[in-house]
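# Close look at the chain arrangement
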Amino acid sequence: MTTYQALHYVYQPARLPATRTLLLLHGTGGDEHDLLPLAAHFGPALNVLSLRGNVLENGMPRFFRRLDVGLFDEEDVIFRTHELVRFVRQLSERAGFDATQLVALGYSNGANMAGALLLLYPELLAGAILWRPMQPLVRHVPAFCTNRHQPVLFQPGSQDPTVQLAASARYAALLKQAGFELKRHNANAGHNLLHDDVEAAVAWFHQHFPTPVLVNS
Ligand code: MLT
């Protein structure tokens, strides 16, 4: 029987009093340092927790196993999601952040782990930004819904060769139906991330989670 493992992480407490924590989830082959420079765009009144996925694919970290490109090992998606949630909840007690006030920011495989959190723990996140998302559970879609109506920013690339437009539309509809306040922002891009994605995410974030800004920082 596989047991839950800890995850590698970086935790940076906010420079201003903060209620929220940005949860950074990297893409395939990334690590806990990848998205840290982008987190700075979201302002100083946020704790930042950045995780590294526990799965290795040819030496590249991921958040869950896949059988092929775009074909996920759904049993592992479920196992790794529970593993990650248990780890984050334990860490929140040690580090002193509120585990009910996490806003996930995930790219590619990290967006899909954030999506697995929405499906399996629909009340957990305060919000989520999904850069180039793909539905993480298709054969094992749970019955899920949220009463928190958390905002979700869904940012597919309109020329992304790894995701079919119809599948992406079905996934967005599923999240909406479950009660998430989903905003779709199609990037004129492939699977790669553009500066425009970051700008759109920062604007969306400040609209839903107003935070103070540092003057003379
Ligand atoms: C990736 O390259 O990471 C995929 O597009 C997404 C995934 O495998 O979760």
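Our subject is the structure that appears above.
Residues numbered from 1 in each chain as written. Predicted model: local features only at pLDDT ≥ 70, side-chain atom pairs only at ≥ 80, totals over all residues. Heavy atoms only, no water.

### As for helix H3 (residues 109-120)
- Counted at 1.5 Å a residue, the expected span for H3 with its 12 residues is 16 Å, and the 16 Å between its end C-alpha atoms agrees.
- Within H3, 11 of the 12 residues are buried, leaving the element largely enclosed by the surrounding structure.
- For H3, every residue scored as buried is listed here: Asn-109, Gly-110, Ala-111, Asn-112, Met-113, Ala-114, Gly-115, Ala-116, Leu-117, Leu-118 and Leu-119. (Helix = DSSP H or I, 4+ residues; strand = E, 2+ residues; numbered from the N terminus. Expected span 1.5 Å × (residues − 1). Buried < 20%, exposed > 50% of the residue type's maximum accessible area, 1.4 Å probe, protein only.)

### Overview of the environment of Ala-18
- Inspection of the secondary structure assignment puts Ala-18 in the loop between strand E1 (9-12) and strand E2 (21-25).
- Residue Ala-18 is classed as partly exposed on the basis of its relative accessible area, which comes to 30%.
- Considered as a pair, Ala-18 and Leu-46 are 28 residues apart in the sequence and their alpha carbons are 5.4 Å apart.

### A word on the pairing of strand E8 (residues 102-107)
- The buried fraction of E8 amounts to six of the six residues, a majority that puts the element mostly inside the structure.
- Every second residue of E8 is oriented toward a common face, with Leu-102, Ala-104 and Gly-106 on one face and Val-103, Leu-105 and Tyr-107 on the other, all of them buried.
- Pairing of E2 with E8 involves five bridges; the strand directions are parallel. Bridged to Leu-24 within E8 is Leu-105. (Pairing = 2+ DSSP bridges.)

### A short note on the site of the ligand
- Around the ligand, the neighbouring residues are Thr-28, Arg-62, Phe-64, Arg-66, Phe-72, Ser-108, Asn-109, Asn-112 and His-191.
- With respect to the ligand, the side chain of Arg-66 contributes an N or O atom lying 3.4 Å from an oxygen atom.
- In the environment of the ligand, an oxygen atom lies 2.8 Å from a nitrogen or oxygen atom belonging to the side chain of Asn-112.
- Relative to its free-state accessible area of 260 Å², the ligand is covered by the protein chains to the extent of 92%.
- When the residues that make up the shell around the ligand are grouped by side-chain class, the tally is two nonpolar, five polar and two charged. (Near = heavy atom within 4 Å. Polar contact = N/O pair within 3.5 Å; in protein donor to acceptor, adjacent residues only side chain to side chain. Areas by Shrake-Rupley, 256 points an atom, 1.4 Å probe, with all protein chains shown as cover. Nonpolar A, V, L, I, M, F, W, Y, C, P; charged D, E, K, R; others polar.)

### A look at the environment of Glu-74
- Mapped onto the elements, Glu-74 comes out in helix H2 (residues 74-95).
- Other than its neighbours up to four places away in sequence, Glu-74 contacts Pro-136, Leu-137, Val-138, Arg-139 and His-140.
- Among the polar contacts made by the side chain of Glu-74, one reaches the main-chain amide nitrogen of Val-138 at a distance of 2.8 Å. (Contact = heavy atoms within 4.5 Å.)

### Topic: the sheet that holds E1
- Reading across from one edge, E1-E3-E2-E8-E9-E10-E11 is the order of the seven strands in this open sheet, with mixed pairing throughout. The two strands at the open ends of the sheet, each matched to only one other strand, are E1 and strand E11 (181-184). Strand-to-strand twist of the sheet, defined as the mean angle between neighbouring strand axes without regard to direction, takes the value 15 degrees.
- Pairing analysis gives four bridges linking E1 to strand E3 (residues 47-51), with the strands arranged antiparallel. Its bridge partner lying in E3, Tyr-9 is registered against Leu-51. (Axes fitted to C-alpha atoms, helices over the stretch in contact; angles between N-to-C directions.)

### Description of H2
- End to end, H2 covers 31 Å across 22 residues, agreeing with the expected 32 Å (1.5 Å per residue, within 8%).
- By the burial criterion, the buried members of H2 are Glu-74, Asp-76, Val-77, Arg-80, Thr-81, Glu-83, Leu-84, Val-85, Phe-87, Val-88, Leu-91 and Ser-92.
- Two residues or fewer after H2 comes Gly-96, characterised by a positive phi angle close to 85 degrees.

### Description of the pattern of salt bridges
- Enumeration according to the criterion identifies seven salt bridges in this entry.
- Close ionic contact of Glu-32 with Arg-52 constitutes a salt bridge, the shortest N to O distance being 2.8 Å. Highlighted residues: Glu-32 in the loop between E2 and helix H1 (36-39) and Arg-52 in the loop between E3 and strand E4 (55-57), separated in sequence by 20 residues.
- Looking at Arg-52, the relative accessible area reads 24%, which means it is partly exposed. (Salt bridge = Lys/Arg side-chain N within 4 Å of Asp/Glu carboxyl O.)

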